Amino acid sequence: MRAPDTAETWRHERFMARCLELAARGAGFVSPNPQVGSVVVCGDRVIGEGFHERFGGPHAEVNAIASVTDHELLRRSTLYVNLEPCSHYGKTPPCSDLIIEKKIPKVVLACRDPHERVAGRGVAKLREAGVEVVEGILSGEAARLNEAFMKFHRERMPFVALKLAQTLDGKIATAGGLSKWITGEAARKEVHRMRAGHDALLTGAATVLADDPLLTVRHVDGKNPLRVVLDRELEVPPEAAVFGPEAPTLLVTSERLSVSGKAAILRDRGVEIEGIEERDGALDLVSVLRLLHGRNALSVLVEAGGRLSSALVRERLADKLYLFIAPKLFGGDGLDGFGPLGVEAPEQAFALRIETTASFSGDLLLEAYFG
Ligand code: AOF
Ligand code: ZN
């Protein structure tokens, strides 16, 4: 026979899984806020559901409570939510106050909110008011859903995902340096879906010069992230597609060149320019990421070549890897084309934990985390 507490946990997990499902519908619309879903359960019946739908809009708990028709039932209900209810006045009043006011006796949550203005205060407020709080239900899954939000608040850095595409023989570009033609249509569409889920897209001058990418979201619905180009020497010409009007672009260059005439031409075209410090003859990547943190970018998708990608790995600034492997061989003696981590092999290997694999019309996608 199952112990009663196990049965209770399973019940909690079932409703929390629904919260996560609802929360994920906010992906691409709520950043820099988290993805949050909430379910109100009376007895065994779901009497209300809601999620945080867009940045600046009502929180999940507010929407879930508002969807309940008979508010009398709230006094005998449990509210499930995947993030600790907030305790602060932000763009909206505190959700913990609403729960207390509606006399909801029990709250089940997945994770605490790392936001400095909440961080346990929501739970404390509820408990002080006599609300029973159960924590830690599906906390791993919930932390994963909001991995960017969690890192942003805990480490004051954006979550960094690298997207790379390689052939079976590990080439990310042709001998001529072209990297556009590795994966097929379906994989490219998936990349556009990925883009829409990030706040910024980061690339380097070498990739812009070789491929002239537009770096916008097409083929799927979604907003265009901020395009960020690292160009220490201001090599990219003003006509590059990445400077077009479709989306905002931030060009990061050396402090010295950020005040040059060339920079002024780009500024006139609506490109924003920031100068940052250099370290060992390259732009300091920690400063780049801090800059993006300061602009409320929770997540950055890096679509760059071997040099920038490998620098992020070497400096342990990358959190996640999306690696497409196309069923192609470019061949050559290893000198034509480049491996995903640049021309030179690093001195040490970087171990990854593979989470999932998927196939897009034959192009394999590995989703992996850096340790
Ligand atoms: C959300 N949605 O469902 C929950 C959030 O400026 P505000 O008022 O929207 O507050 C944003 C903060 O509230 C957010 O960073 C997070 O700490 C907390 N909880 N936020 O956007 C929600 N529950
Ligand atoms: Zn709230």
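Remember, it's a predicted structure, so these values are computed and weren't measured experimentally. (Residues numbered from 1 in each chain as written. Chains lettered and ligands numbered in written order. Predicted model: local features only at pLDDT ≥ 70, side-chain atom pairs only at ≥ 80, totals over all residues. Heavy atoms only, no water.)

The subject of this paragraph is the overall build of the chain. Counting its secondary structure elements, the chain contains 11 helices and 16 strands. Here the chain has a C-alpha radius of gyration of 23 Å; the compact-globule value for 371 residues is 21 Å, and the two agree. Across its three principal directions, the C-alpha atoms of the chain cover 70 × 50 × 35 Å. Counting over 371 residues, the chain shows a buried share of 52%. As displayed, the chain offers around 17,500 Å² of accessible surface, 52% of which is attributable to carbon and sulfur atoms. Charged side chains of the chain number 46 positive and 51 negative; the gap between the two group centres comes to 4 Å. (Helix = DSSP H or I, 4+ residues; strand = E, 2+ residues; numbered from the N terminus. Rg over C-alpha atoms; globule rule 2.2 N^0.38 Å. Buried < 20%, exposed > 50% of the residue type's maximum accessible area, 1.4 Å probe, protein only. Areas by Shrake-Rupley, 256 points an atom, 1.4 Å probe, with all protein chains shown as cover. Lys, Arg positive; Asp, Glu negative; His and termini not counted. Charge placed at Lys NZ, Arg CZ, Asp CG, Glu CD.)

A few words on the sheet that holds strand β14 (residues 320–326). Ordered in space as β10-β9-β8-β7-β13-β6-β14-β16-β15, the 9 strands form an open sheet in which the pairing is mixed. At either margin of the open sheet sits one strand with a lone partner, and together these are β10 (272–276) and β15 (352–360). Taken over all neighbouring pairs, the strand axes of this sheet differ in orientation by 20° on average, direction set aside. Here β14 pairs with strand β16 (residues 363–370) via 6 bridges, running antiparallel. Pairing of tyrosine 322 across the sheet is with glutamate 367, part of β16. Relative to strand β6 (residues 159–167), helix α6 (residues 147–155) is tilted by about 130°, and along the sheet it contacts β6, β13 (299–302), β14 and β16. (Pairing = 2+ DSSP bridges. Axes fitted to C-alpha atoms, helices over the stretch in contact; angles between N-to-C directions. Contact = heavy atoms within 4.5 Å.)

Turning our attention to the nonpolar core. Counting residues in each nonpolar core, the largest one holds 45 residues, and the members touching the most others are Met16, Leu79, Tyr80 and Val107. Looking at which domains feed residues into this core, each of domain 1 (6–146) and domain 2 (156–370) supplies at least three. Apart from residues no more than four positions distant in its own chain, leucine 79 is found in contact with Ser38, Val39, Val40, Glu61, Ile65, Ile99, Ile104, Lys106, Val107 and Val108. Formed by 34 residues, the second largest nonpolar core is a distinct cluster that contains Leu250, Ile276, Val288 and Leu291. (Core = buried A, V, L, I, M, F, W, Y, C linked by side-chain atoms within 4.5 Å. Domains from an automatic or database assignment.)

Moving on to the sheet that holds strand β4 (residues 106–111). Reading across the sheet, the 5 strands line up as β2-β1-β3-β4-β5 and stay open at both edges, with mixed pairing between neighbours. Where the open sheet ends on each side, the last strands, each with one partner, are β2 (45–51) and β5 (132–134). Strand-to-strand, the axes of this sheet are offset by a mean angle of 20°, without reference to chain direction. In the sheet, strand β3 (residues 77–83) pairs with β4 via 5 bridges, with the strands oriented parallel. The residue bridging tyrosine 80 from the neighbouring strand is valine 108, located in β4.

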